[in-house]
Amino acid sequence: MSDQKQLTLKREWCKGCGICVAFCPTKVLIMDTDYKCTIDNIDACIKCGLCELRCPDYAIYLKEAEDGK
Ligand code: SF4
Ligand code: SF4
């Protein structure tokens, strides 16, 4: 485990259930006007992985950053 992980969202897989928005402890995520999850405040992400754990559609996850960015 490293903190080089990157929050990644596949909008086309999101069915708009809102679970990740509800569970994110630092309010990184919001639902947009199309009822899709949107990353609103990436700086607040503590990379806890709760959104990944709870998303039923594998639409949001932490991925290893390839270039460390
Ligand atoms: S990893 Fe944690 S802090 Fe970051 S968006 Fe997901 S639930 Fe929120
Ligand atoms: S939990 Fe998954 S499907 Fe539900 S709003 Fe979040 S990204 Fe979309």
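Refer to the structure above for everything that follows.
First, a word on scope: everything that follows refers to the structure included in this document. (Residues numbered from 1 in each chain as written. Chains lettered and ligands numbered in written order. Predicted model: local features only at pLDDT ≥ 70, side-chain atom pairs only at ≥ 80, totals over all residues.)

Considering the site of ligand 1
Then, in step 1: What surrounds ligand 1 is a group of 14 residues, the closest being Cys24, Val28, Cys45, Cys48 and Cys51.
Then, in step 2: Looking at the shell around ligand 1 residue by residue, the classes come out as 11 nonpolar, two polar and one charged. (Near = placed C-beta within 6 Å. Nonpolar A, V, L, I, M, F, W, Y, C, P; charged D, E, K, R; others polar.)

Quick notes on the environment of Lys5
Then, in step 1: You can see Lys5 is positioned in strand S1 (residues 5-9).
Then, in step 2: Under the C-beta neighbour-count criterion, Lys5 is labelled partly exposed, with 16 such atoms within 10 Å.
Then, in step 3: With 42 residues separating them in the primary sequence, Lys5 and Lys47 have C-alpha atoms 7.4 Å apart. (Helix = DSSP H or I, 4+ residues; strand = E, 2+ residues; numbered from the N terminus. Buried ≥ 20, exposed ≤ 12 C-beta atoms within 10 Å, placed from the backbone.)

Some remarks on the nonpolar core
Then, in step 1: In this structure, Cys14, Cys20, Cys24, Val28, Leu29, Cys37, Cys51, Cys55, Ala59 and Ile60 together form the largest nonpolar core, which totals 10 residues.
Then, in step 2: Not counting residues within four places of it along the chain, the set of residues in contact with Cys20 comprises Leu29, Cys37, Cys51, Arg54, Cys55 and Ile60. (Core = buried A, V, L, I, M, F, W, Y, C linked by C-beta atoms within 7 Å. Contact = placed C-beta atoms within 7 Å.)

A few points about the environment of Cys48
Then, in step 1: Here Cys48 shows up in the loop between strand S3 (37-39) and helix H2 (50-54).
Then, in step 2: A count of 14 C-beta atoms within 10 Å places Cys48 in the partly exposed class.
Then, in step 3: Separated by 22 residues in the primary sequence, Cys48 and Thr26 have C-alpha atoms spaced 9.8 Å apart.

Function cannot be read off these values alone, since they describe shape.
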